[in-house]
Amino acid sequence: MAPTQYNLPTLAEARRRFFPTVKYALVVAGGVGTALPFIWMVLSSFKTNADIGRIPMHWFPAEWVPQNYAKVFEIMPFARFYLNSIIVGVLTTLGALLICSMAAYAFARIRFFGRDIMFMLILTTIMIPWWVTLIPAYLVIRQLGWLNTYQGLAVPGMLNIMGIFLLRQFFRTIPPDIEDAAFVDGANRLQIYARIVLPMAKPALLTVGLMTLMGSWNSLVWPLVISQHESMQTLPLGLAVLANLAGWVRHETGALLAATFLSILPIVIIYMFLQQYFIRGLALSGLK
Amino acid sequence: MASTAAESGGGLVARVRSRLPVTNRRDNIAGWLFISPVLLWILVFTAYPLISSLYLSFREWDPLFTDEYVGLANYAELMEDRIFLTAYRNALVYAAITIPLGLVWGMSVALAVQHIRGRAFFRALYFLPTVTSSVAIAIVWSFAYQQDYGLVNSLLRYVNVQGPNWLGHTQWALLSISLVVVWAGTGFWMIVFLAGLLDIPPEYYDAAKVDGATSWQSLWRITLPLMSPTIFYYITNALITVWVQFEIPFVMTGGGPANATLMPALHLYREAWDRLKMGYASAMAWVMALIIFIITALHFGLSRRWVNYDR
């Protein structure tokens, strides 16, 4: 028998074993690369500043010190930043859910004059780069006397075009028979929207709500132009300002890392429990 | 474009029906009332600012003292502004690094993770930077890039490489920032690519296998062509976002050293809020919009040659 006949299956066999190993190695390496900065952040937040700067780097604290977490509240109004972020996040999310779901309901269910054109127009506003509208939008807020206020931080963010689109898609999947039955019973549009459609759309509302909350919680640019007073700064803004004070960073690395960790914690925890809503929301907004 | 795709899903009858004039007065009123809050928001925070910023771009304007019509002087000044040109040159380099790298890496990870055990775990892990604020990411990575005790150089030391001062050196800073952006975006694009991969009918691969195709051939002849709409979406998005990157350079380098990481959006912010040249900054914003528009139009035009929409 010619040896080549044995060679072929062995090659195929090698390939069959080789490719999955390479795939696994790639995925694991990338996963480690994704996780390491987070792990380093958490471990270092329990180190003394001298320990963080030790050369060569050590992964684990020489001595676990929780003091950084106390210091966070001493060297900056961290509780205030947190409170501001929560207030702005909740206001933005609730407002967005209200106005977006109303518009989405009309676009999905009500046949009114100019509907399709308005829907197209609203969707095209997505394409406007927001740096173009940023300066006048800031001037509008300034004119309204809303600089350094919660409404100034929250109100513009309530407009979530992607949210309108996603909610409309979802409302269209609700069988119209249910609404028709309610109509026969004498309910009006507002009642049908509030009592029938919204309760049925909880998963879609949760998805859009989480996207809005995350966007608000993580946003930097808008708070940067709206909040000039330290007392009105949100978490990303407060941290960015502190991180930019280079001298401060050198001296209080541990506290800055502790603050950074605390700032991402709420969204990460929500994400761990409601992962599928995040992934669906973002993937849907990506795929249209 | 998104809405036409959605509309066409409704079938012929529904489509014809929705074109018919609506005569129900109650529905007209209800419909406009329901969309009125969103319209108000768009008027105040999108439409008016859009016009206003065009108006400002023809003026020398600051919120306190100056307001003067200058015609196209702001635009003319921009063309001579070396820092402005530097910012765009940086953005080009940044685009040339992040767009291909993000695509290849995101696609590789999506392909690799597709049929692996523990897929859900890895998907969740890779997605973590997407839910984390850019500021937090930038802070952690500024330390990771630190020359002596930073994570990156410490890992390089394990393999006996002496890493550079990543953020402090003009030669490395822009690359360093670009890599952070790719790192942060991988999870999101992996999810998008995975969704695209799921849409490919498995029969195609079976047929290819029967015909004796290797997995490498299947990748190039089946997977990538059928993924072209998703790749198109990735590039569309990337071509827009590269010009508006702000947070990462703002926190990590402040645009330095020596403007090596200055980006168009960061430059615009500085002119508008640090130097209060809001007319000038508005002209910058319109140039940015114009560049995005032209590039997007080119990209859409070229897409006919390589994006494959029939399955």
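The rules we used
Residues numbered from 1 in each chain as written. Chains lettered and ligands numbered in written order. Predicted model: local features only at pLDDT ≥ 70, side-chain atom pairs only at ≥ 80, totals over all residues. Helix = DSSP H or I, 4+ residues; strand = E, 2+ residues; numbered from the N terminus. Buried ≥ 20, exposed ≤ 12 C-beta atoms within 10 Å, placed from the backbone. Contact = placed C-beta atoms within 7 Å. Rg over C-alpha atoms; globule rule 2.2 N^0.38 Å. Axes fitted to C-alpha atoms, helices over the stretch in contact; angles between N-to-C directions. Parallel < 35°, antiparallel > 145°, perpendicular 65-115°, else oblique. Left-handed = near helix turned anticlockwise from the far one by under 90°. Arc of directions from axis to C-beta. Nonpolar A, V, L, I, M, F, W, Y, C, P; charged D, E, K, R; others polar. Core = buried A, V, L, I, M, F, W, Y, C linked by C-beta atoms within 7 Å. pLDDT = per-residue confidence, 0-100.

## Some points on the overall build of chain B
A tally of helices and strands in chain B yields 15 helices and two strands. Across its three principal axes, chain B shows a C-alpha extent of roughly 75 × 75 × 35 Å. The buried share of chain B, taken over its 311 residues, is 38%. In chain B, the share of contacts with a sequence separation of at least 24, taken over all contacts with a separation of at least 6, comes to 69%.

## Examining the overall build of chain A
In terms of helices and strands, chain A carries 16 helices and zero strands. Computed over its C-alpha atoms, the radius of gyration of chain A comes to 26 Å, more than 25% above the 19 Å expected for a compact globule of 288 residues. The principal-axis extent of the C-alpha atoms belonging to chain A is close to 80 × 70 × 35 Å.

## Notes on the packing of helix α6 (residues 130-143) of chain A against helix α15 (residues 278-306) of chain B
Orientation of α6(A) relative to α15(B), taken along the N-to-C sense of each, is 160°, at an axis distance of 8 Å. One way to sum up the angle between α6(A) and α15(B) is to call them roughly antiparallel. Between α6(A) and α15(B) lies a crossing of left-handed hand. On α15(B), the residues that touch A:W131, A:V132 and A:I135 of α6(A) are B:M278, B:A281, B:S282, B:A285, B:W286, B:M288 and B:A289.

## Describing helix α5 (residues 115-124) of chain A
Count 3.6 residues to each turn of an α-helix, and residues three or four apart come out pointing the same way. Here α5(A) has its buried residues at A:R115, A:M118, A:F119, A:I122 and A:L123. What you see down the axis of α5(A) is that its buried residues fit within an arc of 135°, all on one side.

## Remarks on the packing of α6(A) against helix α3 (residues 25-56) of chain B
Between α6(A) and α3(B), whose axes approach to 7 Å, the crossing angle comes to 105°. The pairing of α6(A) with α3(B) is recorded here as roughly perpendicular in orientation. Where α6(A) abuts α3(B), its residues A:V132, A:T133, A:I135, A:P136, A:A137 and A:V140 lie against B:V44, B:F45, B:T46, B:Y48, B:P49, B:L50, B:S52, B:S53 and B:L56. Looking at side-chain class alone, the contact of α6(A) with α3(B) contains 11 nonpolar, four polar and no charged residues.

## Some thoughts on the interface of chain B and chain A
Taken together, the 81 residues of chain B in the interface contact 82 residues of chain A. The greatest single-element share of the side of chain B that touches chain A, amounting to 20 residues, is contributed by α3(B). The class makeup of the residues in the side of chain B that touches chain A is 59 nonpolar, 18 polar and four charged.

## Describing the nonpolar core
In this structure, A:C100, A:A103, A:L167, B:V38 and B:A285 are the most contacted members of the largest nonpolar core, which totals 155 residues. Once residues lying within four places of it in the same chain are set aside, the contact partners of A:L167 are A:C100, A:S101, A:A104, A:A201, A:A204 and A:V208.

## A short note on the environment of A:I135
Tracing the sequence through the fold places A:I135 in helix α6. Judged by local crowding, A:I135 falls into the buried class, with 28 C-beta atoms found within 10 Å. For the pair A:I135 and A:W64, spaced 71 residues apart in the sequence, the C-alpha separation amounts to 46 Å. Aside from chain neighbours lying at most four places away, what touches A:I135 is B:S53, B:L56, B:A272, B:M278, B:A281, B:S282 and B:A285.

## With respect to unusual backbone geometry
Put simply, A:I55 and A:P56 share a cis peptide bond, and its omega is -5°. Cis geometry is found at the peptide bond from B:G256 to B:P257, where omega equals -5°. Checked against the element boundaries, B:P257 lands in the loop between α13 (247-252) and α14 (264-274). In this structure, A:N148 is a non-glycine residue whose phi angle is positive, near 60°. Of note, A:N148 is situated in the loop between α6 and α7 (150-154). A:N148 sits in the partly exposed class, given 16 other C-beta atoms within 10 Å. One non-glycine residue, B:A258, lies in positive phi territory at about 50°.

## As for the confidence of the model for chain A
Of the residues in chain A, 90% have a pLDDT of 70 or more, and the chain-wide mean is 89. No element of chain A has a lower mean pLDDT than helix α14 (residues 246-251) of chain A, at 56, and none a higher one than α7(A), at 97.

## Section: the environment of A:F278
Secondary-structure assignment places A:F278 in helix α16 (residues 275-287). Overall, the presence of 23 C-beta atoms within 10 Å leaves A:F278 in the buried class. With 69 residues separating them along the chain, A:F278 and A:G209 place their C-alpha atoms 9.8 Å apart. Leaving out residues up to four positions away in the same chain, A:F278 has contacts with A:L210, A:Y271 and B:V131.

## Notes on the confidence of the model for chain B
Residues and elements named next belong to chain B. For chain B, per-residue confidence averages 89 on the pLDDT scale, and 92% of positions sit at 70 or higher. Highest mean pLDDT in chain B belongs to helix α5 (residues 82-113) (96); lowest belongs to helix α1 (residues 2-7) (43). Interface confidence for the predicted complex, given as ipTM, is 0.90, next to a pTM of 0.89.

## Remarks on the environment of B:P249
Residues and elements named next belong to chain B. Mapped onto the fold, P249 is located in helix α13. Accessibility expressed as a C-beta count within 10 Å gives 26 for P249, which makes it buried. Here the alpha-carbon distance between P249 and I42, two residues 207 residues apart in the chain, equals 30 Å. If we ignore the near neighbours within four places in the chain, the residues touching P249 are I177, G255, T261, M263 and L266.

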